[in-house]
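Coordinate inspection notes
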Amino acid sequence: EALNQLGVVRYYRGDYGQAQPALEQAAVLRRATNNPEGEAWSLMYLGMIHFFRGNYGQAAHLHEQACEVAEARQDWFQVGVHLTNAARVSMRLGEYERALDQHSTSLDRKRRVGDRMGQGFALFGLGLVNTYLGRYDEAEAALADSLELRRQIDDQRGIGYCRYGLGLLALSRREHSQAVDDFRQAYEIHSQLG
């Protein structure tokens, strides 16, 4: 647990070089002590480190491993988290149909366990991917659902993400003044949150 927490803190500080070995050791120890829930979380953070470093193949592999560990335990909350992260990798690789499938499955798992914040993330992801695919009506519906859900749970960070997504959608539709408004709102929210 100490190694995992040390790795997570270093991850959030952006010190990936120090975070990675701590999380790798944590994952090994958690596997050896039969702690699959903890192992999956350590694998997830390792996947995020590789994602932010641009090592997408390794990131995808680690998120898939984390998902398999969680599925074996039927931990649908954790499965949803790992699928959302895997979808982010697929999206970055331009594998949009795969990302749609991952986000849709994640949304199903998050609805199953009542994880409203997680539903907001999955809907946001569906909105982005549909925007990139030129499926603007589907994108708008997903982003609007995400925004409404995030307002209901007072998730300011998520509202900022939705405004960013709506800005991308407006830009894709060549609705420039709307895009500027959405991007400005996203910027203001995230600036206030620090």
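Use the structure listed above.
To start, this report covers the structure provided alongside it. (Residues numbered from 1 in each chain as written. Predicted model: local features only at pLDDT ≥ 70, side-chain atom pairs only at ≥ 80, totals over all residues. Heavy atoms only, no water.)

1. Comments concerning the layout of surface pockets
Considering only enclosed or pocket space, the largest pocket measures out at about 980 Å³ in volume. Broken down by secondary-structure element, the contributors of at least two residues to the lining of the largest pocket are helix H1 (2–12), helix H3 (36–53), helix H5 (76–92), helix H6 (96–113), helix H7 (116–132) and helix H9 (156–172). Taken together, the residues of the lining of the largest pocket break down into 20 nonpolar, 7 polar and 5 charged. (1 Å grid on protein atoms, 1.4 Å probe; cavity = no way out; pocket = protein on both sides within 12 Å on 5 of 7 lines; lining within 4 Å. Points joined across faces, edges and corners; volume = space filled by probe spheres on them. Helix = DSSP H or I, 4+ residues; strand = E, 2+ residues; numbered from the N terminus. Nonpolar A, V, L, I, M, F, W, Y, C, P; charged D, E, K, R; others polar.)

2. So, the packing of aromatic side chains
Counted under the stated rule, the structure contains 13 aromatic pairs. Centre to centre, the rings of Phe-51 and Phe-52 are 5.3 Å apart; their planes meet at 75°, and the pair counts as edge-to-face. Looking at Phe-52, the relative accessible area reads 42%, which means it is partly exposed. For the ring pair Phe-121 and Tyr-161, a centre distance of 6.2 Å and an interplane angle of 55° mean the geometry is tilted. (Phe/Tyr/Trp six-rings, centres within 6.5 Å; stacked < 30°, edge-to-face > 60°. Buried < 20%, exposed > 50% of the residue type's maximum accessible area, 1.4 Å probe, protein only.)

3. Section: the environment of Asp-75
Within the secondary structure, Asp-75 sits in the loop between helix H4 (56–72) and H5. A relative accessible area of 15% places Asp-75 in the buried class. In sequence terms Asp-75 and Ala-186 are 111 residues apart; their C-alpha atoms lie 33 Å from each other. Here Asp-75 is in contact with Glu-37 and Ala-70, once residues within four sequence places are set aside. One polar contact links the side chain of Asp-75 to the main-chain amide nitrogen of Gln-78, over a distance of 3.0 Å. (Contact = heavy atoms within 4.5 Å. Polar contact = N/O pair within 3.5 Å; in protein donor to acceptor, adjacent residues only side chain to side chain.)

4. Here we look at H9
Between its first and last C-alpha atoms H9 spans 24 Å; for 17 residues at 1.5 Å apiece the expected length is 24 Å, and the two agree. Of the positions making up H9, those classed as buried are Gly-158, Ile-159, Gly-160, Cys-162, Arg-163, Gly-165, Leu-166, Gly-167, Leu-168, Leu-169 and Ala-170. Phi for Arg-174, located one or two positions after H9, is positive at around 65°. (Expected span 1.5 Å × (residues − 1).)

5. Some thoughts on the side chain of Gln-20
By the element assignment, Gln-20 lies in helix H2 (residues 16–32). The exposure class of Gln-20 is buried, given its relative accessible area of 15%. Polar contacts involving the side chain of Gln-20 include one to the side chain of Arg-53, which spans 2.9 Å. Gln-20 has contacts with Leu-46, Ile-49, His-50 and Arg-53, leaving out every residue within four places of it along the chain.

6. Re the side chain of Arg-109
Note that Arg-109 resides in helix H6. If we ignore the near neighbours within four places in the chain, the residues touching Arg-109 are Trp-76, Val-79 and Gly-80.

7. Observations concerning the packing of H7 against H9
Axis separation between H7 and H9 bottoms out at 10 Å; the angle between their running directions is 15°. With respect to H9, the element H7 is oriented roughly parallel. Judged by the sense of rotation from one axis to the other, the crossing of H7 with H9 is left-handed. In this structure, H7 contributes Phe-121, Phe-124, Leu-128, Thr-131 and Tyr-132 to the contact, and H9 contributes Arg-157, Tyr-161, Cys-162, Tyr-164, Gly-165, Leu-168, Leu-169 and Ser-172. (Axes fitted to C-alpha atoms, helices over the stretch in contact; angles between N-to-C directions. Parallel < 35°, antiparallel > 145°, perpendicular 65-115°, else oblique. Left-handed = near helix turned anticlockwise from the far one by under 90°.)

Honestly, it's all geometry; don't read function into it.
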